[in-house]
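Commentary on secondary and tertiary structure
Spelled out, the chains give:
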Amino acid sequence: MSPRTVENLNRIIDKYLKRNNIFYEDAPWEIKESTLGGFGVFAKRNIEVGELVFLDTPVIIGPRCVDGLQEICVNCFNVKNLTKCENNCGLSLCSDLCQNSFDHQRECKLIRFMSNKKPVEDGSLKLLKCLTPLRSLLLSEEDKEIVRNLKYHRGKNHGHEIDTLSDELSFEIKEDEKHFLKIVCSVLDANAFEVITGCEENQSDLRGLYPLGSLANHRCFPNTNHVFDERQRMVVRAAVFIPKGSEIFHSYSRIIWGTAIRLFHLLNTKHFICKCERCLDPTEFHTYMSAIYCTKCKGNVVPINPLNSGSKWECDTCKQLVPGKDVGRIMSLLGSVLRGFDNKDFKIMYKFLNNKLSSMVPDNNEITVELKYKIIWILGHEEGFTWKVAKRSQPKHYSRKPKKLFLSFCPQPSHHYVSAYASGPDSGSAYDSGFFPSNARFGMMGYRSSAYAPAVDHCHTPGLLNPGAVASPTPCLLPANPLAHQLPGFFGTASS
Ligand SMILES: [Zn+2]
Ligand SMILES: [Zn+2]
Ligand SMILES: [Zn+2]
Ligand SMILES: [Zn+2]
C-alpha cells in the first residue's frame, strides 16, 4: 500500500472518480491535512450555496448489519416480488434480470464456493448481514487499495461478521481474505453512510462506503448536505457559502439531536468525542435544543459543561443549579412518551405538544422537534391528512407528478416553511427539513434518496449558517399549507 499522504490520497481518489466517470476537472475541493488530525476535504475556491461540491459513488454497498433485517433483492435492493436465488446461494432476488445480473452471478459463485456448495438455508438472513463486507472480496485491486486507504479504528469489536461467516455459516475463508475482511469491516464501521433507497413501502436501508465522502470530517453544524440519487451516488452540495480554503464538513449524527445524544452516538459509532463549537456551547447557538425550563422562573436550564455527561445544569436566568441526572430523567420520560405514540394518536400528540411539552421545555427542544416531525410525517402519509398539490404550484423541474407534498413547521413565525416532503408513486422520496430560530447559527437539512431531491433542494432551507452569519428568511417557493388553519400555532402565523 502506498503511504497515506495528501498527494497519494488526492491521486487515488481522482483515479477512483475517473474510472467511475464522475471526475470533474474544475471540482471545487481538494484533500488536505486537517487541523482536526488526519485528512479532510477543503474548498479549493469559494463555493456558493447550493453548488455541487462533489459526487461520489460507493465502492461497496449492501445491507446494513442490524437486527431485524428484512430480505431484499441483493441486486437492485427492491423489497417486493422476492424469490430465493435459483442457484441456492441463499440470497433473494426480485427478477430474472437481477438473478442473471453480472454482479449477482459473481457473488453467487463466490458464496457457493466459500460455503462448499452447502445451501445456506435458514442462515440466509445471517448471510445477508455479512454480505456487504463479503462483497469486498470481489473488488478490483485498485478498489481494494481505496478501501485500505480509509481510516479505521482497530478495535476488537469490529469484524464480527467474519465470525458469523466462519463459525455459524461454516464458510471457508482463507487467512489473507480474513485479514482483508477484518480491515473492511472496521472501515465500514468507521466510514459507511446509511443510504435509503426506494420510497414508501418499497424502501430499503443500506450502508455504502463512499471514499471521498468518508474523507470529509464531521461537525455538528455541517456546511454541506447530501442526497443519494437513484444509482445510490452521493450528491454533496454546499448548505452555506463555503469560503476558499475552509474545510468541508458532513454531519455523521442527526442535527436535530441535542448535544448529549449526539456525543453519545458519535462516541459509540465513530469512537470520537466531538468538540465542535456547537458541542462546546451550552445553548447550542441559542437554539436551546437540549434545554428544559426552570421550575422556578421558566428560564432555560442548560449544562454548565456540555462535554461532561455528569455536569451540573444551570438556569440561565435565576442561576438555580439542577443535577444532570434530574434533567436526564425528564428527557428520558418525555422520550418514552414520544416513542409510545402511534400514528393514529395524531390528536393526542398535538394536544401533548401544545399543553404539556410547551410548558416543560423550550420550543426548540429536541423532543419537541422530534414530535413535530412525527406529526408532519403523519400529515403527509396517513389517510385523511394528505392532499394533492395543484399542478401550477409545482416547482418546474418536477419531472413526474408528485403524489404528495407537504410542508412543515418552523418554530419561528417568520419562517413557517422549513421543511418539505415529496414523494412520487414510482420514484424515491425526499425530505428536507430546516430548523432556524431567527437567532440560531445553524439549521439542518436531511435528505432521503430521491428523484425529487432537486425540487426540494431549491425550495427552501438557507441551510446551515456559518457562525457569526445573520439568519435571513429565504423566500419560500412552495404553496401555503392548507392544513395550517386547522392547527393554530403549529405552523407559526400561517397567513400566506
Ligand atoms: Zn432486483
Ligand atoms: Zn445466487
Ligand atoms: Zn459537535
Ligand atoms: Zn430559573
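Residues numbered from 1 in each chain as written. Chains lettered and ligands numbered in written order. Predicted model: local features only at pLDDT ≥ 70, side-chain atom pairs only at ≥ 80, totals over all residues.

**Points about helix H11 (residues 324-340)**
Condition: What counts as a helix is a DSSP run of H or I of at least four residues, what counts as a strand is a run of E of at least two, and both are numbered from the N terminus. By this rule the span expected of a helix is its residue count minus one, scaled by 1.5 Å. For the exposure call, what matters is how many other C-beta atoms sit within 10 Å of a residue's own: 20 or more marks it buried, 12 or fewer exposed, and in between partly exposed, using C-beta atoms placed from the backbone. Working note: the arc is built from the helix axis to C-beta atom directions.
Taking 1.5 Å of rise per residue, 17 residues should cover 24 Å, and H11 covers 24 Å from first to last C-alpha, within 8% of that figure. Those residues of H11 that sit buried are Val327, Met331 and Leu334. The buried residues of H11 occupy an angular sector of 65° when projected down its axis, which confines them to one face. Seen from the open side of H11, the exposed residues pointing more than 90 degrees away from its buried face are Lys325, Arg329, Ser332, Leu333, Ser336, Arg339 and Gly340.

**Comments concerning the pairing of strand E12 (residues 247-250)**
What counts here: Here, a strand pair is defined by DSSP locating no fewer than two bridges between the strands.
One ladder, built from 2 bridges, connects strand E2 (residues 39-43) with E12; its direction is antiparallel. Looking at E12, one finds that Val41 is bridged to Ile248. Both strand E9 (residues 217-218) and E12 contribute to a ladder of 2 bridges, which runs parallel. By the bridge assignment, Asn217 is partnered in E12 with Phe249.

**Some thoughts on the nonpolar core**
Put simply, the test is: In these notes, a nonpolar core means any group of buried Ala, Val, Leu, Ile, Met, Phe, Trp, Tyr and Cys residues linked to one another through C-beta atoms within 7 Å. The source of the domain bounds is an automatic or database domain assignment. Contacts here follow a simple rule: the backbone-placed C-beta atoms of the two residues must lie within 7 Å.
Counting 64 residues, the largest nonpolar core has Val53, Leu91, Val187, Leu209 and Ile248 as its most contacted members. Among the elements that take part in this core, helix H7 (residues 175-191) stands out by supplying 6 residues, more than any other. Both domain 1 (6-57 + 210-250) and domain 2 (67-175) contribute no fewer than three residues apiece to this core. Beyond its immediate sequence surroundings of up to four residues, Val53 is in contact with Pro28, Trp29, Ile47, Thr224, Val236, Arg237, Ala238 and Ile248. Counting residues in hydrophobic clusters, the runner-up holds 16 residues, among them Val302, Trp313, Met331 and Val361.

**Looking at unusual backbone geometry**
Its identity as a non-glycine residue notwithstanding, Asn88 has a phi of 60°, on the positive side. Locating Asn88 in the fold gives a position in the loop between strand E5 (83-84) and strand E6 (92-93). In this model, Gln232 sits at a positive phi of 60°, which is unusual for a non-glycine residue. Along the polypeptide, Gln232 turns up in the loop between strand E10 (224-228) and strand E11 (234-238). The exposure class assigned to Gln232 is partly exposed, which follows from the 18 C-beta atoms found within 10 Å.

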